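Spelled out from the first residue to the last, the chains are:
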Amino acid sequence: MTRPAHVIFDPQAVRANLKQVRAQAPGRRIMAIVKADGYGHGVVRMAQALGDVDAFGVASIEEAVRLREAGITQPIVLLEGPFEAQELPDICGHRLESVVHNPEQVRMFAAHPEPLTLWVKVDTGMHRLGFAPEEVPAVLAQLRRPGRTLRLMTHFASAHLPGDESVAAQLAAFEEVLDGETIECCCANSSAVLAWPASHGEWVRPGLMLYGVSPFRGVSAAELGLRPAMTVVSALISVRTVAAGGGVGYGRGFVCPEEMRVGVVAFGYADGYPRHAGTGTPVLVNGVRTQVIGEASMDMMAVDLRPVPDTRVGDPVVLWGEGLPVEEIARAAQTIPYELLCRMRMRAQFIQRPS
Ligand SMILES: *Cc1c(COP(=O)(O)O)cnc(C)c1O
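Every value quoted in this text rests on a predicted model; they were computed, and no experiment measured them. (Residues numbered from 1 in each chain as written. Predicted model: local features only at pLDDT ≥ 70, side-chain atom pairs only at ≥ 80, totals over all residues. Heavy atoms only, no water.)

**A few points about the site of the ligand**
So, point 1. Taken together, 13 residues are adjacent to the ligand, and K35, Y39, S190, L208 and Y338 come closest.
So, point 2. Separating an oxygen atom of the ligand from a side-chain N or O atom of Y39 is a distance of 2.6 Å.
So, point 3. Isolated, the ligand exposes 390 Å² of accessible area, and the fraction of that covered by the protein chains is 92%.
So, point 4. Here the shell around the ligand is composed, by residue class, of 5 nonpolar, 4 polar and 4 charged. (Near = heavy atom within 4 Å. Polar contact = N/O pair within 3.5 Å; in protein donor to acceptor, adjacent residues only side chain to side chain. Areas by Shrake-Rupley, 256 points an atom, 1.4 Å probe, with all protein chains shown as cover. Nonpolar A, V, L, I, M, F, W, Y, C, P; charged D, E, K, R; others polar.)

**Points about the packing of helix α6 (residues 103-110) against helix α7 (residues 136-143)**
So, point 1. Packing of α6 against α7 leaves a shortest axis separation of 9 Å and a crossing angle of 25°. For the element pair α6 / α7, the angle class is roughly parallel. Contact residues: V106, F109 and A110 in α6; V139, Q142 and L143 in α7. (Axes fitted to C-alpha atoms, helices over the stretch in contact; angles between N-to-C directions. Helix = DSSP H or I, 4+ residues; strand = E, 2+ residues; numbered from the N terminus. Parallel < 35°, antiparallel > 145°, perpendicular 65-115°, else oblique. Contact = heavy atoms within 4.5 Å.)

**A look at the packing of helix α1 (residues 11-24) against helix α3 (residues 43-50)**
So, point 1. Orientation of α1 relative to α3, taken along the N-to-C sense of each, is 60°, at an axis distance of 8 Å. As the angle between them shows, α1 and α3 are arranged oblique. The crossing of α1 and α3 is right-handed. Residues P11, V14, R15 and L18 of α1 form the contact with α3, whose own contacting residues are M46, A49 and L50. (Left-handed = near helix turned anticlockwise from the far one by under 90°.)

**Points about the packing of aromatic side chains**
So, point 1. Overall, the coordinates contain 5 aromatic pairs when judged by the stated rule.
So, point 2. On the basis of an interplanar angle of 40° and a centroid distance of 6.0 Å, the ring pair of Y39 and Y338 is categorised as tilted. Here Y338 lies in helix α11 (residues 337-342) and Y39 lies in helix α2 (residues 35-39), a separation of 299 residues in the sequence.
So, point 3. Here Y338 falls in the partly exposed class, since its relative accessible area comes to 32%. (Phe/Tyr/Trp six-rings, centres within 6.5 Å; stacked < 30°, edge-to-face > 60°. Buried < 20%, exposed > 50% of the residue type's maximum accessible area, 1.4 Å probe, protein only.)

**As for helix α8 (residues 165-178)**
So, point 1. The first and last C-alpha atoms of α8 sit 21 Å apart over 14 residues, in line with the 20 Å expected at 1.5 Å per residue.
So, point 2. Taken residue by residue, α8 has V167, Q170, L171, F174, V177 and L178 as its buried positions. Angularly, the buried residues of α8 cover 110° about the axis, an arc narrow enough to put them on a single face. Facing away from the buried surface of α8 by more than 90 degrees, the exposed residues are E165 and E176. (Expected span 1.5 Å × (residues − 1). Arc of directions from axis to C-beta.)

**Let's talk about the domain arrangement of the protein chain**
So, point 1. Segmentation of the protein chain into domains returns domain 1 (11-217) and domain 2 (230-352).
So, point 2. Look at where the C-alpha atoms of domain 1 and domain 2 centre, and you get two points 36 Å apart.
So, point 3. The contact between domain 1 and domain 2 buries some 1,200 Å² in all, and 64% of this surface belongs to carbon and sulfur atoms.
So, point 4. At the boundary of domain 1 with domain 2, the tally comes to 0 salt bridges.
So, point 5. Between the two partners, domain 1 and domain 2, sit 1 residue pair in polar contact (both at pLDDT 80 or more). (Domains from an automatic or database assignment. Buried area = accessible area lost by both parts, 1.4 Å probe. Salt bridge = Lys/Arg side-chain N within 4 Å of Asp/Glu carboxyl O.)

**Quick notes on the sheet that holds strand β7 (residues 149-153)**
Paired through their backbone hydrogen bonds, the strands of a sheet run either parallel or antiparallel.
So, point 1. Taken in spatial order, the 8 strands of this closed barrel run β2-β3-β4-β5-β6-β7-β8-β9, and their pairing is parallel.
So, point 2. On top of the sheet, α6 reaches β5 (97-100) and β6 (117-121); it is set at about 140° to β5, its chief contact.
So, point 3. Here α8 sits on the sheet in contact with β7 and β8 (185-188), set at roughly 155° to β7. (Pairing = 2+ DSSP bridges.)

**Here's the deal with α7**
In an α-helix, one turn spans 3.6 residues, which is why side chains three or four residues apart end up on the same side.
So, point 1. Residues V136, V139, L140 and L143 constitute the buried set of α7. For α7, the arc enclosing every buried residue in end-on projection is 100°, short of the 170-degree limit, so these residues lie on one face.
So, point 2. In the core, the buried residues of α7 are packed alongside β5, α6, β6, β7 and α8.

**Things to note about the pairing of strand β3 (residues 55-58)**
So, point 1. Here β3 shows a buried face lined by A55 and G57 and a second buried face lined by F56 and V58.
So, point 2. Both strand β2 (residues 29-33) and β3 contribute to a ladder of 3 bridges, which runs parallel. In the strand pairing of β3, A32 is matched with F56.
So, point 3. For β3 and strand β4 (residues 76-78), the ladder comprises 3 bridges, and the chain directions are parallel. Its bridge partner being in β4, V58 is matched across the sheet by L78.

**Points about unusual backbone geometry**
So, point 1. The backbone of Y39 sits at a positive phi, close to 50°, despite the residue not being glycine.
So, point 2. Unlike most non-glycine residues, R95 shows phi in positive territory, near 55°.

Given below as structure tokens:
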């Protein structure tokens, strides 16, 4: 038997989630965000599951090239633009589109006459990337060339926080830039797709919701009609009975309050499980909800078998995904679901469900 740690990828869930995006943003074009190797799901796997979206957003030329080599023909947008001028021939050669967010990139593209599509990023208040609203007209003028398409985008800092006033302020700043310009624009990440219809513009730019995860703390993915694309599974490799007072794992991370059955799962932090999700973090054994005990070690972690009768070595374990939202694990680990999904590039083998 090979090591049972696997990531199950469900293309049908991805398509159901895409339908939700279309329902929330009817008539808008969709740039599906597949950076960080498709949030850990595999950039090519995600693009193939998504099918006929209008564009893909990635963070590097390497990801874009992987999509082109897999036969993906839609527009691909480099969300951080080029990091150095040497990348321009590849951008043109692979027919990529690019964000332009700093003066160095303006100089690079101003020096190149190619009829590219460029997305000028406006910093409306997140203060991460982009030009101040008052700089935008001059940037557009520098980039304008015959046959070149220019578009505008901005990114919200707090669209995931219900009722946060900064979103309306950012949107107002963006609309001021648009005043007098006829130009397509794109502002909405998943949380803005769901919560800020006024921000939609010609294009929307969802990531997280396509993977079937809720961007809001108090709202579950199921309530939003989203289904997890990723289910992380493994199996029990040891089942033992530990006496009352017996410690489990490094540093006696858990001390058994009574004689109890303890299972060991072939999955650890080297597989991407968060070490900070300790005792009390939910886990499914044979489909029954129980808890992690102690902290994950490198390749293994212990689980409480008291609620699960008749367990044996080889029984299936779900770490997160179908039946156990990754949002819950993220909360237990004091992180966000995005980080946990991205970690699945680390080691586990992928299994693909039928499309
Ligand atoms: C990652 C990213 C997105 C997608 O955000 P989600 O919260 O995953 O929907 C959209 N736009 C930009 C610029 C991003 O970097």
